[in-house]
Amino acid sequence: MITARAAHTFEPVGRSVAAARAFVRDTLQGWGFGDVVDDAVVLTSELVTNAVVHAGTAAEVVCLRSGDGVRIEVSDRYPEREIPLQSSGVSMGSPDREGGRGLQLCAALATRWGVEYSPAHKHVWFRLDLPERQVGTRTAGPSVSTELLPLADERVRVAVIQIDSEGAVSAWNDDAQELFGYPAKQIIGKPLTDYAAWPHTPGTSTGIVEALRLSRWEGSYGIRAADGRVVPVYASHLRVRDPQGEPSTVCLLVRDDERAVLATPQRGAAPESGHRADGQSTDPFETFIGSPAPDDLDGLLQRTVERSRDMLDGDAAFLLLATDDETELEVRATTGLPSARQRFARVPVDTGSGRYGTARMPAVHEDLTAVPGAVPLLNGTGMRSVVTVPLKVEGRLTGSLGVAAEGAGRYSNEEALRLQFAADRIALAVESARLGELERLRRGSLSFLVEASDLLAGTLDRDQTLALMAQMTVPTLATWCAVYTIADTASEPYLSYVLHEDEERIDGLKALLGRIDPPEPVPTPGARIWPAPARAAHEAALEASVRSLDDEPHHLGSGLGSTLTTAGSVGGETVVLPLVARNRVIGMLVLGKPSEDHFRQENLELAEDLSRRAALALDNSRLYSERMAISQSLQRSLLPPDMPEVPGVEVEVIYRAAGEGNEVGGDFYDLFTIPDGAYGFAIGDVCGTGPEAAAVTGLARHALRLLAREGYSGPAVLERLNNAILDEGERSRFLTLLYGELRPQEDGSALLKVVCAGHPLPLRLRQDGSVEAAAEPQPLLGVMDDLELYEQTVRLEPGDVLLCVTDGITERREGSRMLGDDGLAEVLKGCTGLTAGAVAARVMRAVERFAADSPSDDMAILTMRVPEPHRN
């Protein structure tokens, strides 16, 4: 059953939102519905905002009271505007958006809600039920002995005084006459301020006039009685209005020592439960924020600014958190302001001298137009009056809370005091949530850096390092990223890599950065702002828009759209971090945000840590690439040039050097011409692998060619090579070598003279499939001074094959098994009738299949085969 109704229409102007909040607040408090006032004001604010701001029409607010709750209706005159029904599956928007949250809040806060339509209006309504209580009981205290009860006169008198909108007394009951000595006819029509002895409150300028204008007030002051003395009283004020809409204030007064009659019981929690008799939390933090409180920092901050705005009937509110050094404040939550542009922006704590130039003290600005820039966050927002208060924990500044209004002179020290009380209630909770967020960010940052370090350490490829740098920053730290590299101190920065979270924008971003000068390579650590990309993007978009004016609208191609898209993606904040390694700037890491977006300080600090690791990884990849190029160039110089064709003999070589990136190791081979139509060939193995072994390889190969072409015999060539190796001193390494001279014969055979100095014996495969050693073992080189070597003669008949290998072939292992000479012989037996190339390939395939692991030693195979004559 509807027991009371209040309605008001608000014009489509920004101030109407605050007026609607005040209307609902005063109405519900006048009805005694203080338990649901906060939720009702929040919901009304959102729905009226939708009507007067978004829909652009007048809004009618109707409050309907019933015995167990209140129903509030907000109507606008824009029925064509579609609103999703409660049962509809249509999404009601994202909670992160500044607007469009009215229906979401209704669903979250209201007992019931819905949307109703008429031919000319649309009504969005919600209902809030009063909390259930025991019948007839609001609060109750324990039973106590008579001696502990408050002392009162024989009769407790309660003065009931009503004050009209002008501040004059309009009603004066008999108890008031008994307490103060004035008859009603003497005092009615006179201002209460003429009789009130109001205590002065330093710093707030709160007086009886201000107290009478508050919707509810309770406290102590004095009334000057007819005999001239001041009677201390305890008063409870309630502001109401009559059916015609005229406001007045009802004041209940008792003697101050009888205040227990009127004083509201303290709302402190009981030690055991922390709850009142009606089961609701008495935590002053939840009294302001509401229950349940948000469990995340952003939600808590957003709820705080919304409740602060509603509490002071403001048009906007904001909350900033202080940095660790308390020199700057970072915008973390706003309402009524362009939050997308302002979020995470920073302003200094101290902007000037005096209390109004610092965020460490409460401040009230009656008109910001008189002091431009006093509150940098509000520049260009249309706000004129603002009240700000600090958030402090144990005397340390942790943040700043502010409420602003579009009109001038809206706030005084009274509002500052109220807002400061609210700030004190939530400061500790905000700081606790902030520290929790910092701890989560710290752990996330450590995990991110550990993973980044592992990825960067896992490659020495320059291009892959550049790609990893960009992929780790986008989109985790930035919307787009560019990496500039500097080859040496005399080189200009070069754009090496570009990445955007939207792959379709990479080409446009690369083209834009290619048109502007690269950032200056400054070794100073830390991120610095680089405005050039945003400026260039803006100019490019402006030029494209001007050119498009000359085109027909239907002729506008994708060029303008692409340019504007690129401008939007680059138009935000852009920072440059130097890549410094070994005291030299080797490049720059550029991170960017889309239009009107800013970087968080925590992300910049994380990016700085990443840039140091990335710089070292990039420099290591550069050094590795340079050294690898040098090493491979030197190794290629050790490989023999193109081998000569030997008439009547097939020759095939397979060579595999152990070690990543090695082209030459300790094993080597060679085939070259010597005088008298003969050919020298060699296959050897230097102790060890890698560059050190390759150095002896080069010595052996060049010495063999030189000595053989001088006409020395095989033993003489190896003896002189042995002396040359020993002359290397500590750098010398022993060498196993199979050297021989090959002379094709006119009958189709081939005559070989070989010396096997400590090398695996060459194997001869005959046409009948038999395999035998083709030489005898002799001492290896590089160990003894005096060697007595001799050569042996081998004749290869048509169809015969001579297989020469290094010990990387015969010593191939799989666990305790080794291929060995016998295993190699078995493989060779199955190669009858194959060409030299086929024999070498089959042997290598058998070696690779013998074990699953990659070879750990160099391997070389040299096969020679005398082909059979063709038969007609």
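Residues numbered from 1 in each chain as written. Predicted model: local features only at pLDDT ≥ 70, side-chain atom pairs only at ≥ 80, totals over all residues. Heavy atoms only, no water.

A.B. asks: Help me out: how do you make sense of unusual backbone geometry in this one?
C.D. replies: The general pattern is negative phi for most residues beyond glycine and trans for most peptide bonds. In this structure, Pro-475 follows Val-474 across a cis peptide bond, with omega equal to 0 degrees. Phi angles above zero are rare outside glycine, and Asp-313 is one such case at about 55 degrees. Checked against the element boundaries, Asp-313 lands in the loop between α8 (297-311) and β12 (316-322). For Asn-583, which is not a glycine, the phi torsion comes out positive at approximately 60 degrees. Within the fold, Asn-583 resides in the loop between β21 (574-581) and β22 (584-592). Judged by relative accessible area, which is 83%, Asn-583 ranks as exposed. (Helix = DSSP H or I, 4+ residues; strand = E, 2+ residues; numbered from the N terminus. Buried < 20%, exposed > 50% of the residue type's maximum accessible area, 1.4 Å probe, protein only.)

A.B. asks: In this structure, what is going on with a nonpolar patch on the surface? I would like to understand it.
C.D. replies: A contiguous nonpolar surface patch, about 260 Å² in accessible area, is contributed by Phe-734, Val-783 and Met-784. For Phe-734, the location among the structural elements is in the loop between α17 (714-726) and β26 (735-744). Overall, Phe-734 belongs to the partly exposed group, its relative accessible area being 37%. (Patch = residues over 30% accessible without salt bridge, like charges linked within 9 Å, V, L, I, M, F, W, Y side chains within 5 Å. Areas by Shrake-Rupley, 256 points an atom, 1.4 Å probe, with all protein chains shown as cover. Salt bridge = Lys/Arg side-chain N within 4 Å of Asp/Glu carboxyl O.)

A.B. asks: I'm lost on the pairing of strand β24 (residues 667-674) in this one. Help?
C.D. replies: For a regular strand, the rule is simple: side chains alternate between the two faces of the sheet. Of all 8 residues in β24, 7 are buried; the element is thus mostly enclosed. Relative to strand β25 (residues 678-686), β24 runs antiparallel, the two being bridged by 8 bridges. Pairing of Asp-670 across the sheet is with Ala-682, part of β25. Hairpin remark: β24 followed by β25, antiparallel, with 3 residues in the connecting loop; positive phi at Asp-676, about 70 degrees. (Pairing = 2+ DSSP bridges.)

A.B. asks: Which parts of the structure should I look at to understand helix α11 (residues 462-473)?
C.D. replies: An α-helical segment advances 3.6 residues per turn. Residues three or four places apart therefore align on the same side. Helix length check: α11, at 12 residues, gives a terminal C-alpha distance of 17 Å against a target of 16 Å (1.5 Å per residue), a fit within 8%. Between a side-chain oxygen at the N-terminus of α11 and the backbone nitrogen of Asp-463 the separation is 3.2 Å; the capping residue is Asp-461. (Expected span 1.5 Å × (residues − 1). Polar contact = N/O pair within 3.5 Å; in protein donor to acceptor, adjacent residues only side chain to side chain.)

A.B. asks: Could you clarify how one ought to interpret the packing of helix α19 (residues 820-829) against helix α20 (residues 836-850) in this entry?
C.D. replies: When two helices pack together, their arrangement is given by the angle between the helix axes and by the axis-to-axis distance. Between α19 and α20, the shortest axis-to-axis distance is 10 Å and the interhelical angle comes to 135 degrees. With respect to each other, α19 and α20 are oriented oblique. Handedness of the α19/α20 crossing: right-handed. The segment α19 lies against α20, with Leu-824, Val-827 and Leu-828 engaging Val-839, Arg-842, Val-843 and Ala-846. Here the residues of the contact of α19 with α20 are counted per class, giving 6 nonpolar, no polar and 1 charged. (Axes fitted to C-alpha atoms, helices over the stretch in contact; angles between N-to-C directions. Parallel < 35°, antiparallel > 145°, perpendicular 65-115°, else oblique. Left-handed = near helix turned anticlockwise from the far one by under 90°. Contact = heavy atoms within 4.5 Å. Nonpolar A, V, L, I, M, F, W, Y, C, P; charged D, E, K, R; others polar.)

A.B. asks: Looking at this model, I keep getting lost on the pattern of salt bridges. Mind explaining?
C.D. replies: Pairing is possible between side chains that carry opposite charge, provided their charged atoms lie close to one another. On inspection of all chains with the given rule, the structure shows 32 salt bridges. Salt-bridge contacts for Arg-307 lead to Asp-39; the nearest nitrogen and oxygen are separated by 3.3 Å. Here the residue Arg-307 occupies a position in helix α8, and Asp-39 occupies one in helix α2 (residues 37-55), the gap between them amounting to 268 residues. The exposure class assigned to Arg-307 is buried, which follows from its relative accessible area of 8%. Overall, the relative accessible area of 24% leaves Asp-39 in the partly exposed class. When the shortest N-O distance is used, the salt bridge between Arg-259 and Asp-256 registers 2.9 Å. Within the structure, one salt-bridge network assembled from shared partners comprises Arg-155, Arg-157, Asp-175 and Glu-178.

A.B. asks: Looking at this model, I keep getting lost on helix α1 (residues 15-30). Mind explaining?
C.D. replies: Under the 1.5 Å per step criterion, the end-to-end length of α1 is 23 Å for 16 residues, consistent within 8% with the ideal 22 Å. Listing the buried residues of α1 in full gives Ser-16, Val-17, Ala-18, Ala-20, Arg-21, Phe-23, Val-24, Arg-25, Thr-27, Leu-28 and Gln-29. At the exit of α1 stands Gly-32, carrying a positive phi of roughly 80 degrees.

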